[in-house]
Amino acid sequence: MSEMTVHTEHAENAGQTAGGEKKEKKKISLSFIQPSGAITLGNYLGALKNWVAIQDSGDFNCLYAVADLHALTVRQDPKGLRSQIYQGLAVLLGCGIDPEKSIVFQQSHVHQHAELAWILNCYTMFGELSRMTQFKDKSAKYADNINAGLFTYPALMAADILLYQTDYVPVGQDQKQHIEIARDIANRFNGIYGKTFTIPEPYITKSGARIMSLAEPTRKMSKSDTNKNAVITILDTDDEIVKKFKRAVTDSGSEIRMGEGKDGINNLICIYSAVTGKSTEEVEREFEGRGYGDFKLACGEVVADTVRPIREKVNEYMRNKDYLDEVCRKGAAMASRFAQRTLEKTYKKVGLVVPKSE
Ligand code: TRP
C-alpha cells in the first residue's frame, strides 16, 4: 500500500548477531477486533485491509486478536457471543490475516491480559477515564448498565498493547484516544519504575479512514445503524451491495466531482478510490461526462468484487470451527510466552514477588 510507511531504520533496534553484523529486530504491530458481528466496508478499508498489508510487508511481527473480554463490557447473550467470537476469527482470516505469518488468538485465552490490566488499573486515573469519549457515548447508549468494566475498558486495552512491547497499533480513527491513554499509562509507569513498556504509536491510514453512511453521508458508516441501506458489511451478497449503492443518497447535481456540500458523491468517490487504489482525481477523470446513476452502479460492482472473496472465505471458516480452535490454541501459546515476560517484569517493578519456578 502506497500510504504505508515502514519504520525499520531506528538505531535502537539494530541488534548484534554473533558474527558481529547488524541484524534488524522487527517492530511489533498489534491490533484487536471486537467480536460484534460482520464488519463494515468502513472497518475493512479503514483497518483490516491495512493489517493485512502490514503483515504482508514482512517488516513486522504481527499479533491480531479478538477482544472477547472487552465485549463483556456490554451485556451479551452467551450463545450469541460465542458465535460472534468465531465470526471475528473467521473475519480476520477471511480478510487475509494468515496464521502462518501472524499470531492470531482470543484475548481471554492469554490470561496475562486480565492480570496486567489489574496492575494498570492502579496507574490509571479516574479523571482520565471520565474523559474518554467512548465511555461517554456507551454510557449514554447503555444507561442501565454503566458498569466498572465499561469505565476501565482503556486499562485493559492498554494491557493488550503493552504486554507485547508493541510499537505500532493500526486502528481506525475512533480508537486514537484509547492509544493515547495507553501511551500516558505507559509513560507514567516508566516514569516511576524505569523503562518497562515500549511506548506504542497509533497507525491510522488516511484512505478509508472515514467511510460515511450511504443513507446519511454526513455520518460515519456504523455497524449499529438501524437503516440497513446505510451500511455495507463484508457478509452482504453481491445483489445487496449493488442495490444499496443504487439507493445511496446523493445531491441534485450530476458531475462526478469532489466538492463542498456534496457529501454523498464525495463518499462514493472515496469508496471507489479506496477499493480500486486509484486517486480521487483519477476517479473523477474516469467518470467525466457520466452521470450519478452510472457511477453508483460502478461503485456497487467494484465493492461487490472486493467483498465477494472475503465473504466466501469467512463463510468457509465458519463451517470449520475446529480449524479456528486450532489456530487460536497455537496463537495463544505463542502470545502467552511473550506476555509472561512483560507481566513478570511488571510484577517485579511494582514489588510483587514473582513465583519461583521449580
Ligand atoms: N477497542 C478496540 C475496538 O473497539 C478493540 C481493541 C481491544 C483493541 N484491544 C485492543 C484495538 C488493542 C487495538 C489494540 O475496536
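Residues numbered from 1 in each chain as written. Predicted model: local features only at pLDDT ≥ 70, side-chain atom pairs only at ≥ 80, totals over all residues. Heavy atoms only, no water.

Turning our attention to the domain arrangement of the protein chain. For interface size, the figure often reported is the accessible area lost on association. For the protein chain, the domain assignment lists domain 1 (4-209 + 321-350) and domain 2 (228-316). For domain 1 versus domain 2, the separation of C-alpha centres amounts to 31 Å. Residue-level contacts link 13 residues of domain 1 with 14 residues of domain 2. Summing both sides of the interface, domain 1 and domain 2 together bury roughly 1,100 Å²; the carbon and sulfur share of this comes to 78%. Across the domain 1-domain 2 interface, the total number found is 0 salt bridges. The tally of links between domain 1 and domain 2 comes to 3 residue pairs in polar contact (both at pLDDT 80 or more). Listing elements by their share of the side of domain 1 that touches domain 2, those giving two or more residues are helix H1 (41-57) and helix H3 (78-95). With 5 residues, the top contributor of residues to the side of domain 1 that touches domain 2 is H3. The residue inventory of the side of domain 1 that touches domain 2, partitioned by class, reads 8 nonpolar, 4 polar and 1 charged. (Domains from an automatic or database assignment. Contact = heavy atoms within 4.5 Å. Buried area = accessible area lost by both parts, 1.4 Å probe. Salt bridge = Lys/Arg side-chain N within 4 Å of Asp/Glu carboxyl O. Polar contact = N/O pair within 3.5 Å; in protein donor to acceptor, adjacent residues only side chain to side chain. Helix = DSSP H or I, 4+ residues; strand = E, 2+ residues; numbered from the N terminus. Nonpolar A, V, L, I, M, F, W, Y, C, P; charged D, E, K, R; others polar.)

Once that is clear, we can look at the side chain of Glu-284. Assignment of secondary structure puts Glu-284 in helix H11 (residues 280-286). Sequence-distant contacts of Glu-284, that is, excluding residues within four places in its chain, are made with Ile-256, Arg-257, Met-258 and Ile-269.

To continue, consider a positive patch on the surface. A surface patch of like charges, here positive, comprises Lys-25, Lys-195, Arg-337, Arg-341, Lys-345 and Lys-349. Positionally, Arg-341 belongs in helix H13 (residues 321-350). (Patch = residues over 30% accessible without salt bridge, like charges linked within 9 Å, V, L, I, M, F, W, Y side chains within 5 Å. Areas by Shrake-Rupley, 256 points an atom, 1.4 Å probe, with all protein chains shown as cover. Lys, Arg positive; Asp, Glu negative; His and termini not counted. Charge placed at Lys NZ, Arg CZ, Asp CG, Glu CD.)

For the ligand, the set of nearby residues contains 13 residues, the closest of which are His-70, Tyr-153, Met-157, Asp-160 and Gln-175. The contact in question runs from a nitrogen atom of the ligand to an N or O atom on the side chain of Tyr-153, over 2.7 Å. Contact between the ligand and Gln-175: a nitrogen atom at 3.0 Å from a side-chain N or O atom of the residue. Summarising the interface, the protein chains cover 90% of the accessible area of the ligand, which totals 370 Å² for the free molecule. (Near = heavy atom within 4 Å.)

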